[in-house]
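Fold and geometry: a report
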Amino acid sequence: MLVTGVVKTMTAESAQRAALGAGAIVIDVLSVDDGRAPYQRIERIRNLRPDMVLISGGTEGGTTTHLLDMAETLYAASPRPRLGQDYKLPVIYAGNSEAREGVGEVLADKTALTFVDNLRPTLEKENLVPAREEIHRLFLEHVMAQAPGYDKLLDWVSAPIMPTPMAVGEMVQAAARRRNASVVAVEIGGATTNVFSV
């Protein structure tokens, strides 16, 4: 997953926390102040060919131009799909709501664009849950759907399938509630190692 933000030490870090908290493998973090020229960002996106992109930035009432610039960078990069020719790259927009319309005009035709609440509505507050939930949903819908046998697995189970980090996170929360205690868990997976604390 590729994540973007306006300021590297603020919204880009929040976007990275949201993605990592959802169990994603973050392949790069782009920001307006990351020291790269626009053409370098475009080249990087093309070379990475991410499965999914999270665009964040701008507190509510804050910048919109930088978000439109990042959307245009993604549009110019036009990353080729890794999961089939008819596949549109899932892009989650979790930035300043005032830029939604402009970002939609740039990306809606070329990507599978979805909007969630701003993950950094103010400088002091993070709201990572909506972005995390959307990452989970898109992972199952776009990435796991390409896995061999996934459609058979859906027929076998009666409950919704969850990405492993989401399931482990819910188990840790349930254990903390049940014991009325603080809980720390480490889950070592095939692609990531996740640490949960409640």
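This text gives an overview of the structure that appears in the document.

As for the overall build of the chain
Within the chain one finds 7 helices and 7 strands. The order of helices and strands in the chain, counted from the N terminus, is β-α-β-α-β-α-β-α-β-α-α-α-β-β. On C-alpha atoms alone, the chain measures out to a radius of gyration of 17 Å, which is about the 16 Å that the 2.2 N^0.38 rule sets for 198 residues. Each principal axis of the C-alpha distribution contributes one length, and for the chain these read about 50 × 40 × 25 Å. Pairs at least 24 residues apart make up 63% of the contacts formed inside the chain by residues separated by at least 6 positions. Carbon and sulfur atoms provide 52% of the accessible area of the chain, an area that totals close to 10800 Å². Side chains of the chain carry 20 positive and 24 negative charges; the gap between the two charge centres is 6 Å.

Digging into the packing of aromatic side chains
A complete count under the given rule lists 1 aromatic pair for this structure. On the basis of an interplanar angle of 70° and a centroid distance of 5.8 Å, the ring pair of Tyr93 and Phe115 is categorised as edge-to-face. In this pair, Tyr93 is assigned in strand 4 (residues 90–95) and Phe115 in strand 5 (residues 112–115), connecting sequence segments 22 residues apart. The ring of Tyr75 carries Lys110 above its face, with NZ or CZ at 4.1 Å from the centroid.

Brief notes about the pairing of strand 6 (residues 184–188)
By the alternation rule, side chains of strand 6 split into Ala185 and Glu187, which are all buried, and Val184, Val186 and Ile188, of which none is buried. Where strand 6 and strand 7 (residues 193–197) come together, 5 bridges link them in antiparallel fashion. By the bridge assignment for strand 7, Val184 is matched with Ser197. In textbook terms, the turn of a hairpin is the stretch between consecutive antiparallel strands, and for strand 6 and strand 7 this stretch comprises 4 residues.

Focus on helix 2 (residues 38–48)
Within helix 2, burial applies to Arg41, Ile42, Ile45 and Leu48. Here the buried residues of helix 2 occupy an arc of 135° about the axis, which is enough to place them on one side. Facing away from the buried surface of helix 2 by more than 90 degrees, the exposed residues are Tyr39 and Asn47. Residues of helix 2 that are buried in the fold lie against strand 1 (2–5), strand 2 (28–31) and helix 3 (65–77). Just downstream of helix 2 lies Arg49, where phi reads positive at about 45°.

Digging into the sheet that holds strand 3 (residues 53–57)
What the 5 strands build is an open sheet, ordered 2-1-3-4-5; its pairing is parallel. What marks the edges here is a single partner per strand, and that holds for strand 2 and strand 5. Across the sheet, the mean angle separating the axes of adjacent strands is 20° when strand polarity is ignored. Across 4 bridges, strand 1 lies against strand 2 in parallel orientation. Looking at the pairing, Val3 lines up with Val29 of strand 2. Running over the sheet, helix 4 (residues 100–107) touches strand 3, strand 4 and strand 5 and is turned about 170° from strand 5.

Observations concerning unusual backbone geometry
If you check the backbone angles, Arg49 has positive phi at about 45° while not being a glycine. Within the element layout of this structure, Arg49 appears in the loop between helix 2 and strand 3. Despite not being glycine, Ser78 has its phi angle at roughly 45°, a positive value. Within the element layout of this structure, Ser78 appears in the loop between helix 3 and strand 4.

Parameters and conventions
- Residues numbered from 1 in each chain as written.
- Predicted model: local features only at pLDDT ≥ 70, side-chain atom pairs only at ≥ 80, totals over all residues.
- Heavy atoms only, no water.
- Helix = DSSP H or I, 4+ residues; strand = E, 2+ residues; numbered from the N terminus.
- Rg over C-alpha atoms; globule rule 2.2 N^0.38 Å.
- Contact = heavy atoms within 4.5 Å.
- Areas by Shrake-Rupley, 256 points an atom, 1.4 Å probe, with all protein chains shown as cover.
- Lys, Arg positive; Asp, Glu negative; His and termini not counted.
- Charge placed at Lys NZ, Arg CZ, Asp CG, Glu CD.
- Phe/Tyr/Trp six-rings, centres within 6.5 Å; stacked < 30°, edge-to-face > 60°.
- Lys NZ or Arg CZ within 6 Å of the ring centre and 35° of its normal.
- Buried < 20%, exposed > 50% of the residue type's maximum accessible area, 1.4 Å probe, protein only.
- Pairing = 2+ DSSP bridges.
- Arc of directions from axis to C-beta.
- Axes fitted to C-alpha atoms, helices over the stretch in contact; angles between N-to-C directions.

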